[in-house]
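Chain by chain, the residues run as shown.
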Amino acid sequence: GNKPSLYLIEEQKLQSSPDYFLEGVHSKTFSKQGIVVEEITASSATHFNESKTTLMTTPVIKRANGGILSTASGATGTINDKSSNYRLDGDASVKRFDSDNQFVEINAHTIIYDDTSQLITGKQNASLRNPQISTLSESLTYHITNQTILLEGDVVSKYEPSKK
């Protein structure tokens, strides 16, 4: 007689498939003291268990750490599950405020945050701005810990001394 066909998905394809999809994402992470230390919103999120990454559309990542508040956003983004690292693409931005309300803002087509090395890298039409300086370059790397900047390609800067 007629036997139904059995279609099996290749194991490799199944392993690289997302394990969940979310829409209208709003996630908060709390410290042991109950204080919000990270808040993520996105239009959608797709998680891949094999690579331990989450791909997002229109992500906004807000973090609080030792008196520093940061907000990062982009058209799309990828967050690594095993670290605090992320990559944002398409009109990406990171703005960091300290307890004195001083800020540093980085904009670029692509922004990569590496938590281990404490680096923010902006690629393609990168800019860095704070109350005293405005800098444009092809790419830049901002070292968070010692607050130094490495600028590469067609650098244009404007500096205004602080008014005291």
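Structure's up top.
Anyway, here's the lowdown on the structure attached to this text. (Residues numbered from 1 in each chain as written. Predicted model: local features only at pLDDT ≥ 70, side-chain atom pairs only at ≥ 80, totals over all residues. Heavy atoms only, no water.)

**Topic: the nonpolar core**
In plain terms, the rule: In these notes, a set of buried Ala, Val, Leu, Ile, Met, Phe, Trp, Tyr and Cys residues joined through side-chain atoms within 4.5 Å is what counts as a nonpolar core. Each residue is placed in one exposure class: buried if its accessible area under a 1.4 Å probe, protein chains only, is under 20% of its type's maximum, exposed if it is over 50%, and partly exposed if it falls in between. Elements are defined by DSSP. Helices are runs of H or I of four residues or more, strands are runs of E of two residues or more, and each kind is numbered from the N terminus. Here a residue-residue contact requires only that any non-hydrogen atoms of the pair lie within 4.5 Å.
With 23 residues, the main nonpolar core has I61, Y86, I106, I111, I120 and Y142 as its most contacted residues. Listed by contribution, the elements that provide at least two residues to this core are β2 (36-48), β7 (86-97), β8 (103-114), β9 (119-129) and β10 (133-143). Ranked by residue count, the leading element in this core is β8, at five residues. Setting aside residues up to four positions removed in sequence, Y142 forms contacts with V104, I106, Q118, L119, I120, L128, Q147, T148 and I149.

**Structural notes on the packing of aromatic side chains**
The following threshold applies: To pair, rings of Phe, Tyr and Trp, with the six-membered ring standing in for Trp, must have centres within 6.5 Å; the planes then decide the type, stacked if under 30 degrees apart, edge-to-face if over 60, and tilted in the middle. To sit over a ring, a charge needs its Lys NZ or Arg CZ within 6 Å of the ring centre and within 35 degrees of the ring normal.
Under the counting rule described, the total for this entry stands at two aromatic pairs. Between F97 and F103, the aromatic rings sit 6.0 Å apart at their centres with planes inclined by 45°, giving tilted as the arrangement. Here the guanidinium or amino end of K95 rests over the ring plane of F103, the centre of that ring lying 4.8 Å away.

**A closer look at unusual backbone geometry**
Unusually for a residue other than glycine, T58 sits at a positive phi of about 45°. As for its position among the elements, T58 is in the loop between β3 (53-57) and β4 (60-65). Even without glycine at this site, Q124 takes up a positive phi of about 70°. Within the secondary structure layout, Q124 lies in strand β9.

**Some words on the pattern of salt bridges**
For the record, the criterion: Just to be clear on terms, a salt bridge is a Lys or Arg side-chain nitrogen sitting within 4 Å of an Asp or Glu carboxyl oxygen.
Applying the stated criterion across every chain yields a total of four salt bridges. Between E38 and R63 there is a salt bridge, with the nearest N and O atoms lying 2.7 Å from each other. Taken together, the residues span a long stretch of sequence, with E38 in strand β2 and R63 in strand β4 at a distance of 25 residues. Summarising the burial analysis for this pair, E38 and R63 share the class buried. A salt bridge links R129 to E105, with the nearest nitrogen and oxygen atoms 2.5 Å apart. Within this pair, whereas R129 is found in strand β9, its partner E105 is found in strand β8, the two being separated by 24 residues in sequence. A relative accessible area of 13% means that E105 is categorised as buried.

Coordinates in, geometry out; function isn't part of it.
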